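Spelled out from the first residue to the last, the chains are:
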Amino acid sequence: MKALQDIYQCVVDGEMDEVEGLIDEALSAGCTAKEILDDGLLAGMAEVGEQFKVGDMFVPEVLVAAKTMDIGMTKIKPMLQSGDIKEVGTVLFATVKGDLHDIGKKLVCMMLEGAGYKIIDLGVDVSPEAVCEGVKEYKPDLVGLSAMLTTTTLSMKETADALKQAGLYDSVRIMVGGAPVNQKIADEFGGHYSTNASTAVELANELMK
Ligand code: B12
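Heads up: these notes are all about the structure in this document. Please read all numbers here as calculations on a predicted model, not as lab measurements.

1. Considering the coordination of the cobalt atom of the ligand
Inference 1: A lone protein donor contacts the cobalt atom of the ligand, and this donor is H101 (NE2), found at 2.2 Å.
Inference 2: Tracing the backbone shows H101 in the loop between β1 (89-95) and α5 (103-114).

Here it is as structure tokens:
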């Protein structure tokens, strides 16, 4: 559909002033928030990823595309969350130390919030010590760690080790995700891996049982 194609192109071009208006147009044209997310915003970001990989886009352009995606996600967030949800658990989230990527993590947080979880997001480049402090302060049921760089997947294990040393490891279950992450990496520290924001909700529900 043209309205969704326009949102896709808007993300690729990093037209951050246009995205909210285009989302309104898509909604008026009958698109659902889920379609806007999947076929507009996420499809656009996937294209950005492809162009970045082959060297057709560079970091500054990727940043404005990411900002555009972020504005779009904030706009549709209330539409993806149903009104009357009872709280099912608390998840403390962090992008691990050394890593600044947060779009995927924000999306996972958004979906979990929509499914009734209370989210505490510590942000990006979060040290193992800061995660330990967060666990002490907020007493979450689950800890969600995100990493998008092969190198920063190591920070996940360091975070789990820090939780063990602080005697906090057994009080939480650790969910992990991000493009270079897999279950094999997660197995190294007793983590639970999930591929995307939808399956993350299923995983969280499973871990809460
Ligand atoms: C946007 C982006 C950036 C932006 C980030 C902006 C932001 N605020 O996030 C900027 C420009 C800052 C950036 C910088 C860099 N980036 Co970058 N970036 C990307 C890009 C293009 C898209 C990532 C994205 O947002 N995808 C969309 C979201 C929705 O998907 P996602 O993040 O995968 O998240 C989903 C799942 O992974 C999962 N998930 C994610 N987290 C979690 C957590 C849990 C608990 C669970 C269950 C699931 C889960 O669910 C999410 C939703 O479905 C990727 C390319 C790619 N193919 O991924 C490169 C990419 C990740 N970047 C890369 C690189 C190399 C860099 C830089 C080193 C570049 C440079 N030379 O400076 C720096 C590193 C900065 C740092 N220290 O972190 C490489 C990493 C290679 C590697 N394997 O190590 C990639 C793969 C590009 C490439 N092909 O080379 N980047």
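Additional details are given in the paragraphs that follow.
2. What about the layout of surface pockets?
Which parts of space are left empty comes out when a probe the size of a water molecule is rolled across the atoms.
Inference 1: Within this model, the largest pocket holds a volume of roughly 1,400 Å³.
Inference 2: What lines the largest pocket is a set of 49 residues, and nearest its centre among them are M45, H101, I103, G104 and M148.
Inference 3: With eleven residues, the single largest contributor to the lining of the largest pocket is helix α3 (residues 33-53).
Inference 4: There is about 170 Å³ of room inside the second largest pocket.
Inference 5: Forming the boundary of the second largest pocket are D70, M73, T74, K77, K106, C109, M110, E113, I119 and D121.
Inference 6: Those elements giving two or more residues to the lining of the second largest pocket turn out to be α4 (59-80), α5 and β2 (117-121).
Inference 7: Residues belonging to the lining of the second largest pocket are distributed by class as follows: four nonpolar, one polar and five charged.

3. Concerning the environment of Q51
Inference 1: By the secondary structure assignment, Q51 is in helix α3.
Inference 2: For Q51, a relative accessible area of 22% translates into the label partly exposed.
Inference 3: Sequence-wise, Q51 and E15 are 36 residues apart; in three dimensions their C-alpha atoms are separated by 17 Å.
Inference 4: Once residues within four sequence positions are removed from consideration, Q51 is found in contact with V12, D56 and M57.

Conventions we followed
Residues numbered from 1 in each chain as written. Predicted model: local features only at pLDDT ≥ 70, side-chain atom pairs only at ≥ 80, totals over all residues. Heavy atoms only, no water. Donors = N, O, S within 2.8 Å, 3.2 Å for Na, K, Ca; no water. Helix = DSSP H or I, 4+ residues; strand = E, 2+ residues; numbered from the N terminus. 1 Å grid on protein atoms, 1.4 Å probe; cavity = no way out; pocket = protein on both sides within 12 Å on 5 of 7 lines; lining within 4 Å. Points joined across faces, edges and corners; volume = space filled by probe spheres on them. Nonpolar A, V, L, I, M, F, W, Y, C, P; charged D, E, K, R; others polar. Buried < 20%, exposed > 50% of the residue type's maximum accessible area, 1.4 Å probe, protein only. Contact = heavy atoms within 4.5 Å.

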